[in-house]
Amino acid sequence: MKILVCISKSPDTTAKIAFTDGNSKFDENGVQYIVNPYDEWYALVRALELVEANGGTVTTITVGTAADDPTIRKALAIGANDAVRIDGQALDASYVAKQISEYAKDKNFDIIFTGKETINYNGAQVGGMIAENLNQPFISLATKLDINGETATLERDVQGGVEVVEVNTPFVISAAKGMAEQRIPNMRGIMAARTKPLNVVPAVDLENLTTVVSYSLPEAKEGCKYIDPENMDELVDLLHNQSKVI
Amino acid sequence: MSVLVFIEAKNKVSKAALEAVSYGSKIGSTTVITFGDISSDELAIVGEYGGEKVLIHRGINKSNDQQLTNLIHAAVESSGATIVVLSQDQTGKSIGPRVAAKLNAGHVSGAIDLPDTSNGFQVNTNVFSGKAMATVAVHSDKKVISILPNSISPEKTGGSTTIEEFDADLGEGKIVVKEMKTQGEGIPLPEAELVVSAGRGLKGPENWGIVEDLAKTLGATTACSRPVADIGWRPHHEHVGQTGIAIRPNLYIAAGISGAIQHLAGVNGSKVIVVINTDAEAPFFKAADYGVVGDAFEVLPRLNEAFKKFHNSQN
Ligand SMILES: Cc1cc2nc3c(=O)[nH]c(=O)nc-3n(C[C@H](O)[C@H](O)[C@H](O)COP(=O)(O)OP(=O)(O)OC[C@H]3O[C@@H](n4cnc5c(N)ncnc54)[C@H](O)[C@@H]3O)c2cc1C
């Protein structure tokens with residue numbers, strides 16, 4: 001089996017969210033980057049499990065600059081065989097998806113994994129776009145994946161429930177919670193990751209279709225009004241008459 | 001501007017679908033594309049929210065994302081729409097990006113308000129799991145916008161709609177649906193207007209009765225913090241937060257949840273937040289509109305009684 005896992009970096013979940021340059025850029029000052037949790041915990045780990053059971057290789061792919069290399073090495077430490085970095089700024093989802101599709105189109109991957117979404121842009125776009133570019137089926141929000149020969153059985157979150165579906169390789173999925181359990185890299189993995197191949201390939205010349213022009217932070221709450229725990233009638237009254245939510 | 005709105009309508013047109021139709025009609029002349037065997041009577045409501053025409057394709061399987069993409073593409077061609085609008089629900093996440101790639105359209109996912117066309121075409125969307133908002137400029141001629149459920153209140157226009165059967169070559173469906181396991185009758189979490197949520201402070205799964213009772217009285221959907229789902233006290237689909245589901249209900253009641261930054265990320269878009277916690281120092285109070293410093297085991301049943309009394313007084 002040949003599996004490709006798309007890996008993105010995202011700020012640590014406790015990072016302070018602030019902006020610079022007239023609110024047009026994320027303030028990276030003091031921010032630690034991690035592998036986007038959905039890419040790491042669910043996509044990468046399930047890909048590794050499949051290869052451990054069936055043989056094959058797991059390659060990770062990232063569109064980014066040298067600043068992405070530490071998170072790529074982390075993915076290698078968890079167990080991926082090799083990594084590809086397409087050298088360029090990830091301008092928007094369509095740009096990233098086209099770069100990855102361009103790379104993958106003649107390499108016969110059986111499965112391409114993405115995470116459900118990144119925790120910084122929350123776009124949930126790249127997987128579906130790659131699938132369309134490569135004319136493959138896309139199973140979004142997959143929570144379970146088993147494979148038998150060329151046929152995969154998956155569970156996915158849909159409106160109002162969970163769908164069990166069958167699809168033949170090749171296909172693209174976005175992995176959500178339930179797919180696998182997080183793995184902590186061990187010392188051997190970390191050592192091995194230093195010498196695993198990280199192939200940097202040039203980006204193809206493309207234009208992005210969207211640009212973030214500015215960021216803003218939500219307005220702070222006016223402050224909490226405390227209610228006597230004995231007096232829930234007052235709370236109900238406030239929710240009805242003041243907040244008008246019931 | 002001509003707009004195509006994609007909706008999924010099983011037996012009834014959902015609120016999320018009406019949000020999308022209403023959103024589209026505020027941008028321009030709106031055609032709606034849908035599929036399945038919903039009756040024309042049920043579909044008529046689309047007209048009241050600004051959908052001028054409905055195109056319906058009968059008999060197609062929704063998990064066939066490629067077929068649905070082809071359907072939307074054919075409807076774009078036939079209606080001449082330059083903007084495609086859909087809901088950022090599970091189906092929207094599966095179809096929206098494909099449609100965008102097929103049309104070579106810029107895609108804004110999770111839009112929270114109407115586009116601003118005073119300077120190009122800009123749309124606001126949630127980023128950093130709700131910790132911030134981004135204004136996204138779309139440069140392409142065609143645009144695909146998926147809107148976050150509960151961001152736009154559907155508004156009646158007093159119009160009506162015509163319904164036309166629509167046929168198109170959809171190609172092969174490569175995904176075979178074997179089984180659908182429904183999650184009960186309740187309103188799905190991302191669309192719920194009222195949510196009752198609980199965390200580790202509830203001490204064990206056997207204590208969730210008081211959470212469910214309150215949710216039942218309110219007609220609310222239940223949610224939980226991540227550790228509670230991880231240890232299996234509650235199902236994964238209830239997990240809200242940065243690594244779970246992001247929600248923006250009108251009312252979010254949180255009992256026995258400390259309010260860690262990763263939890264807040266997924267719920268701070270809620271209009272009103274009520275926090276119930278024994279610890280007056282719990283960080284969640286900083287994000288709350290109403291706070292109750294008290295024991296959830298006493299406060300939740302008391303709140304339930306108060307809501308029942310309120311409902312009786314309303315009848
Ligand atoms: C990468 C990462 C991602 C994460 N993503 C998420 C996420 O998406 N969602 C999420 O929720 N968490 C997430 N977390 C976990 C988060 O950091 C917190 O650990 C978690 O939210 C805490 O859950 P809790 O509030 O239920 O439990 P605790 O932090 O243990 O809090 C329990 C609370 O209950 C109160 N309490 C105790 N007894 C009572 C009582 N009888 N009545 C009332 N109150 C009582 C306590 O005072 C306390 O405040 C993430 C963490 C990491 C590192």
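Criteria and cut-off values
- Residues numbered from 1 in each chain as written.
- Chains lettered and ligands numbered in written order.
- Predicted model: local features only at pLDDT ≥ 70, side-chain atom pairs only at ≥ 80, totals over all residues.
- Heavy atoms only, no water.
- Helix = DSSP H or I, 4+ residues; strand = E, 2+ residues; numbered from the N terminus.
- Expected span 1.5 Å × (residues − 1).
- Buried < 20%, exposed > 50% of the residue type's maximum accessible area, 1.4 Å probe, protein only.
- Salt bridge = Lys/Arg side-chain N within 4 Å of Asp/Glu carboxyl O.
- Pairing = 2+ DSSP bridges.
- Contact = heavy atoms within 4.5 Å.
- Axes fitted to C-alpha atoms, helices over the stretch in contact; angles between N-to-C directions.
- 1 Å grid on protein atoms, 1.4 Å probe; cavity = no way out; pocket = protein on both sides within 12 Å on 5 of 7 lines; lining within 4 Å.
- Points joined across faces, edges and corners; volume = space filled by probe spheres on them.
- Nonpolar A, V, L, I, M, F, W, Y, C, P; charged D, E, K, R; others polar.

Glancing now at helix H5 (residues 90-103) of chain B. The α-helix advances 3.6 residues per turn, and as a result positions three or four apart in sequence lie on the same side. The end-to-end C-alpha separation of H5 of chain B is 21 Å, in line with the 20 Å expected for 14 residues at 1.5 Å each. Those residues of H5 of chain B lying buried are Gln90, Thr91, Gly92, Lys93, Ser94, Ile95, Gly96, Pro97, Arg98, Val99, Ala100 and Leu103 of chain B.

On to the pattern of salt bridges. Counting across every chain of the model gives 32 salt bridges over all chains. In this structure, Asp146 of chain A engages Lys144 of chain A in a salt bridge whose closest nitrogen and oxygen atoms are separated by 3.6 Å. When its relative accessible area of 41% is taken as the criterion, Lys144 of chain A is described as partly exposed. For Asp230 of chain B, the salt bridge is made with Arg226 of chain B, and the minimal N-O distance between the two is 3.2 Å. With Asp230 of chain B and Arg226 of chain B both in helix H7 (residues 226-230), this residue pair falls 4 residues apart, about one helical turn.

The strand order across the open sheet built from 6 strands is S15(A)-S15(B)-S14(B)-S13(B)-S11(B)-S12(B), with neighbouring strands paired in parallel fashion. Strand pairing shows two members of the sheet lacking a second neighbour, strand S15 (225-226) of chain A together with strand S12 (221-224) of chain B, which therefore form its edges. The pairing of strand S14 (residues 272-277) of chain B with strand S15 (residues 290-293) of chain B spans 4 bridges and is classified as parallel. Looking at the pairing, Val275 of chain B lines up with Gly291 of chain B of S15 of chain B. Set on the sheet, helix H6 (residues 232-242) of chain A makes contact with S15 of chain A together with strand S13 (251-255), S14 and S15 of chain B; between it and S15 of chain B the angle comes to about 170 degrees. The sheet contacts of helix H6 (residues 209-218) of chain B involve strand S11 (194-198), S12 and S13 of chain B, and relative to S11 of chain B the element is tilted by about 175 degrees.

Once that is clear, we can look at the environment of Ile111 of chain A. Residues and elements named next belong to chain A. Counting through the fold element by element, Ile111 comes out in strand S8 (residues 111-115). On the basis of relative accessibility, which here comes to 0%, the residue Ile111 falls in the buried class. Measuring from C-alpha to C-alpha, the distance between Ile111 and Lys16 comes to 35 Å, with 95 residues separating the pair along the chain. Once residues within four sequence positions are removed from consideration, Ile111 is found in contact with Met1, Lys2, Ile3, Leu4, Leu50, Leu145, Ile147, Thr169 and Phe171.

For the coordinates displayed, the defined rule picks out 3 cavities of 30 Å³ or more. Considered as a void within the structure, the largest cavity measures approximately 60 Å³ in volume. Residue lining of the largest cavity: Ser140, Arg156, Asp157 and Val158 of chain A together with Lys62, Ser63, Asp65, Gln90, Thr91, Ser94 and Ile95 of chain B, and that is the complete set. Elements with a contribution of two residues or more to the lining of the largest cavity: strand S10 (151-158) of chain A together with H5 of chain B. No other element matches H5 of chain B, which puts 4 residues into the lining of the largest cavity. Classifying every residue of the lining of the largest cavity by side-chain character gives 2 nonpolar, 5 polar and 4 charged. Among the elements that take part in the lining of the second largest cavity, helix H3 (residues 93-104) of chain A stands out by supplying 3 residues, more than any other. In terms of residue class, the lining of the second largest cavity is made up of 6 nonpolar, 3 polar and 1 charged.

Our next topic: the sheet that holds strand S13 (residues 198-202) of chain A. Here 10 strands make up an open sheet; going across it, the order is S13(A)-S7(A)-S6(A)-S1(A)-S8(A)-S12(A)-S9(A)-S10(A)-S11(A)-S10(B) and the pairing mixed. Each of the sheet's edge strands pairs with one partner strand only, and the pair in question is S13 of chain A together with strand S10 (176-182) of chain B. Strand-to-strand, the axes of this sheet are offset by a mean angle of 30 degrees, without reference to chain direction. Relative to strand S12 (residues 171-175) of chain A, S8 of chain A is paired through 5 bridges, and the arrangement is parallel. Bridge pairing links Ile112 of chain A to Val172 of chain A in S12 of chain A.

This is a description of form; function is not addressed.
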